[in-house]
Amino acid sequence: DEYEATNADASKRGRRANEFIEVLREIWQHDPAEYDGKYFQLSKSHINPKPAQKSGPPIYLAAFAPAAMKRIAKLADGWMPVAIPVPGMEQMWGAIKAMAKDAGRNPDALELVVRGNLDVTDKPLGDDRWIFTGTWDQITADAQAVKAIGANELILDPTFSRYGETVDGFLEAMGKVRGLVD
């Protein structure tokens, strides 16, 4: 059955992702590093240079499937949602934090880093618009809404908007984005 094969492939990718995160942390935190998993093996090795952060750089995952959200809760440093409406983002963030607590982690140690792909319009869009699309006022409201649900950071990217077509346009958009946080 095609669904079962796809589901099995997704499950295998998930287990590989879990192990990969474990391998990275082993390399970053131990010298010599060593790992023996189902998908990854690392013989006792000295791998340098180590990251500046003692535990390694933070790992943020952008996922919304239930198994991937569980991976965030158990293994990652935070969640990086994109294109999820604020009410859904808030609900999913709450679920991730609850799973982290169930896994014995401090849910308050996780970070919410929201990515917004800008699409700026001259006229306001309706209520069914994508997050971070519409007028600058609508985008500002979205930024305030993600801040209200506890976002630690917001990354706004104009690359795929009309502003991303030229360097000057990109810089103009970044100037306006900076104005959102001032």
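The structure we're discussing is the one just above.
Residues numbered from 1 in each chain as written. Predicted model: local features only at pLDDT ≥ 70, side-chain atom pairs only at ≥ 80, totals over all residues. Heavy atoms only, no water.

**Details of the nonpolar core**
So, point 1. One finds Trp79, Met89, Ile96, Phe132 and Val146 to be the most contacted residues of the largest nonpolar core, which totals 31 residues.
So, point 2. Only helix H2 (66-75), helix H3 (86-102), strand S5 (111-117), helix H4 (136-148) and helix H5 (167-181) provide two or more residues apiece to this core.
So, point 3. Sorting elements by how many residues they give to this core places H3 first, with six residues.
So, point 4. Beyond its immediate chain neighbours, meaning those up to four positions away, Val146 contacts Val86, Met89, Val114, Ile131, Phe132, Ala151 and Leu154.
So, point 5. If you look at the next biggest cluster of nonpolar residues, it comprises eight residues, including Ile27, Trp28, Tyr35 and Ile59. (Core = buried A, V, L, I, M, F, W, Y, C linked by side-chain atoms within 4.5 Å. Buried < 20%, exposed > 50% of the residue type's maximum accessible area, 1.4 Å probe, protein only. Helix = DSSP H or I, 4+ residues; strand = E, 2+ residues; numbered from the N terminus. Contact = heavy atoms within 4.5 Å.)

**Here's the deal with the sheet that holds S5**
So, point 1. In spatial order, the strands read S3-S4-S5-S8; together these four strands make up an open sheet with parallel pairing. If you trace the sheet from one side to the other, it starts and ends with strand S3 (60-61) and strand S8 (153-157), each paired once.
So, point 2. Both strand S4 (residues 78-79) and S5 contribute to a ladder of two bridges, which runs parallel. From the neighbouring strand, Trp79 faces S5, where its bridge partner is Leu112. (Pairing = 2+ DSSP bridges.)

**Focus: the packing of aromatic side chains**
So, point 1. Summed over all chains, the structure comprises three aromatic pairs.
So, point 2. Seen in terms of ring centroids, Phe20 and Phe40 are 5.7 Å apart; in terms of plane orientation they differ by 50°. Their pairing is tilted. Linking Phe20 in helix H1 (residues 2-29) with Phe40 in the loop between strand S1 (33-36) and strand S2 (41-45), this pair joins segments that are 20 residues apart in sequence.
So, point 3. When its relative accessible area of 22% is taken as the criterion, Phe40 is described as partly exposed.
So, point 4. Between the aromatic rings of Trp79 and Trp93, the centroid separation amounts to 6.3 Å while the plane-to-plane angle is 15°, which identifies the pairing as stacked. Of this pair, Trp79 sits in strand S4 while Trp93 sits in helix H3, and the two are 14 residues apart along the sequence. With respect to burial, Trp79 and Trp93 carry one shared label: buried. (Phe/Tyr/Trp six-rings, centres within 6.5 Å; stacked < 30°, edge-to-face > 60°.)

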